[in-house]
Amino acid sequence: MDFNLTPEQVGFRETARRFAEKEVVPIAEELDAKGEFHYRLIPKMAELGLFGLLFPEKYGGSAVDTITYSLVLEELARVDSSVAATVAGQVNLCGDLIYRLGSETQRQKWLVPLIRGELLGGFGLTEPGAGSDAGGIATRAQRKDAQWLINGAKCFISNAGTRMKEVVVLAAATGIDPATGKKLISAIAVESATPGYRTGQQYRKMGWRSSATAELIFQDCLVPQENLLGEEGRGFRQFLQTLNLGRIAIASLGFGLAQGCLELSLAYAKERRQFGQPIAKFQAIQFKLADMALKVELARLITHKAATLRDQGQPFAQEAAMAKLYASEIATQVSHQAIQIHGGTGFMDECPVSRFYRDARILEIGEGTSEIQRLVIARNLGC
Ligand SMILES: Cc1cc2nc3c(=O)[nH]c(=O)nc-3n(C[C@H](O)[C@H](O)[C@H](O)COP(=O)(O)OP(=O)(O)OC[C@H]3O[C@@H](n4cnc5c(N)ncnc54)[C@H](O)[C@@H]3O)c2cc1C
């Protein structure tokens, strides 16, 4: 067991930190206040290679390991979760599905522009009637001549409804399994300019306010049959596999956010004076900071373990679920305590920890709620 990072991993982390400090910090609060998508960061992130981290060089990526990917997401979330969420949606949700399931032609068509930042990628699973119970989706795709005729709706979809060119990989029912009577679900790519496909308004959100989240509506939407990704009827399992990597990403967002809260709180506690001394001198504050540091470290360790197992080609679903569950819950706890340490200042909009507190909340919900993670963990224990 080697806890040291390689020089390459340290290099990627430092690059991501420099970018986060120089490009993201100055605009994060303003975009959050306006609820505005960070268009101006997309070309910069593409130039830095953030959208190609997990993919081979022949597509324009850098094929880093999963720990490096986690380190980069941590650095982004340390200053702004919205930006980290955009990268995660692009890389480990949409990009991963296209890379794993796509043919060479499909990778050239969608993955390469995703990596270049010319295309924004969404992952369309959740529907108004199917959230945690993702197998209950009602969106249908029927074969019509050489095309798919799609009807249905998706809700809460990240990286959708912007002014950019978009592609969404959609989970749609394409038939019924005669043996079980269950829906057969397939993954189909739909581009934003397709007739019959439209996105709703951007949701007004509590957190992740400068990330894009929209409803998708499909009304007699026709796409070529070549837009099917992977095997017809096998999409549900493929979507779930992508969510395992997604859980490592959400966990990284969780302890990245918590690390940011810890650093801000420590600095504030050393500077803020009450009763004639810095509040960091009070044991009550010291204990809060100690607990915060412990939680961040534990969340990072379990996430890096899940990432290492993935890189070794071993099963990692259990560790990914544990990492996601723990890191998202400690993000809530640590950001809560960060506000406490900042006192009234922490309650003000312009104080970053107040944004972090709002941003933390979605982590216990997206990509499987905490309750669903506990179900997954219990099932893997043999319950
Ligand atoms: C900002 C944001 C971005 C998102 N981005 C995407 C995206 O890009 N793509 C996408 O497909 N989805 C996305 N989602 C959707 C997200 O994945 C779902 O919100 C999530 O899976 C929960 O589904 P739900 O909201 O329908 O809640 P529900 O499933 O209705 O759950 C409500 C409550 O019931 C609990 N519950 C449900 N079933 C059980 C059970 N069996 N046992 C115990 N408790 C249970 C849940 O844990 C939760 O507490 C996003 C959501 C948000 C808010």
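The structure we're discussing is the one just above.
This write-up is about the structure you can find in this document. Every chain is numbered on its own, with residues counted from 1 as its sequence reads. In view of the model being predicted, local features appear only for residues whose pLDDT reaches at least 70, and side-chain atom pairs are presented and counted only at 80 or more, with totals across whole chains, interfaces and linings using the full set of residues. Excluded from the side-chain calculation are hydrogens and water; included are all heavy atoms of the structure.

Throughout, nonpolar core names a set of buried Ala, Val, Leu, Ile, Met, Phe, Trp, Tyr and Cys residues whose side chains join them through atoms within 4.5 Å. For the exposure calls, accessible area comes from a 1.4 Å probe over protein chains only, and a residue counts as buried if that area is under 20% of its type's maximum, exposed if over 50%, partly exposed in between. Core analysis: the largest hydrophobic core is formed by 92 residues, its most contacted members being Met-45, Tyr-69 and Leu-76. Broken down by element, the residue count for this core peaks at 14 residues, all from helix H6 (residues 235-271). Any pair of residues with heavy atoms lying within 4.5 Å of one another is described as a contacting pair. Sequence-distant contacts of Met-45, that is, excluding residues within four places in its chain, are made with Phe-19, Leu-50, Phe-51, Val-83 and Val-87. Secondary structure elements are taken from DSSP: a helix is a run of H or I of four residues or more, a strand is a run of E of two residues or more, and numbering for both begins at the N terminus.

This part is about the environment of Ala-320. With respect to the helices and strands, Ala-320 occurs in helix H8 (residues 317-342). On the basis of relative accessible area, Ala-320 is assigned to the buried category, the value being 0%. When the C-alpha atoms of Ala-320 and Ala-306 are compared, they prove to be 5.4 Å apart, with 14 residues separating the residues in sequence. Not counting residues within four places of it along the chain, the set of residues in contact with Ala-320 comprises Asn-244, Arg-247, Ile-248 and Ala-306.

Compared with an ideal rise of 1.5 Å per residue, which puts 13 residues at 18 Å, helix H5 (residues 104-116) spans 17 Å between its outermost C-alpha atoms and is within 8% of the ideal. A maximum bend of about 30 degrees is found in H5 at Trp-110, where proline Pro-113 lies one to four positions downstream. Among all positions in H5, only Gln-106, Arg-107, Trp-110, Leu-111, Val-112, Pro-113, Leu-114 and Ile-115 are buried. Contacts made by the buried residues of H5 are with helix H2 (41-48), helix H4 (81-101), strand E1 (120-124), strand E4 (166-176), strand E5 (183-191) and strand E8 (228-229). Looking one or two residues past H5, Gly-117 carries a phi angle of roughly 75 degrees, positive in sign. Expected helix span is computed as 1.5 Å times (number of residues minus one). To get the bend at a residue, fit one axis to the 7 residues ending there and another to the 7 starting there, then take the angle between the axes.

Residues are counted as near a molecule or strand when any one of their heavy atoms sits within 4 Å of it. Near the ligand, the surroundings consist of 17 residues, among which Phe-123, Thr-126, Ser-132, Thr-369 and Glu-371 are the closest. Thr-126 places a side-chain nitrogen or oxygen 2.7 Å from a nitrogen atom of the ligand. Contact distances for the ligand include 2.8 Å between a nitrogen atom and a backbone N or O atom of Phe-156. With the chains in place, 63% of the 960 Å² that the ligand exposes on its own is no longer accessible. Those elements that provide at least two residues to the shell around the ligand are strand E3 (147-158) and helix H10 (370-381). The biggest single contributor to the shell around the ligand is E3, with 3 residues. Gly is put with the polar residues, along with every residue not named as nonpolar or charged; the nonpolar set is Ala, Val, Leu, Ile, Met, Phe, Trp, Tyr, Cys and Pro, and the charged set is Asp, Glu, Lys and Arg. For the shell around the ligand, a count of residues per class yields 8 nonpolar, 7 polar and 2 charged. Definition of a polar contact: a pair of N or O atoms within 3.5 Å, with one able to donate and the other able to accept a hydrogen when the atoms are protein atoms, and with sequence-neighbouring residues admitted only if both atoms are side-chain atoms. For accessible areas, the Shrake-Rupley method is used with a probe of radius 1.4 Å. Any residue's cover is judged against the shown protein chains and nothing else.

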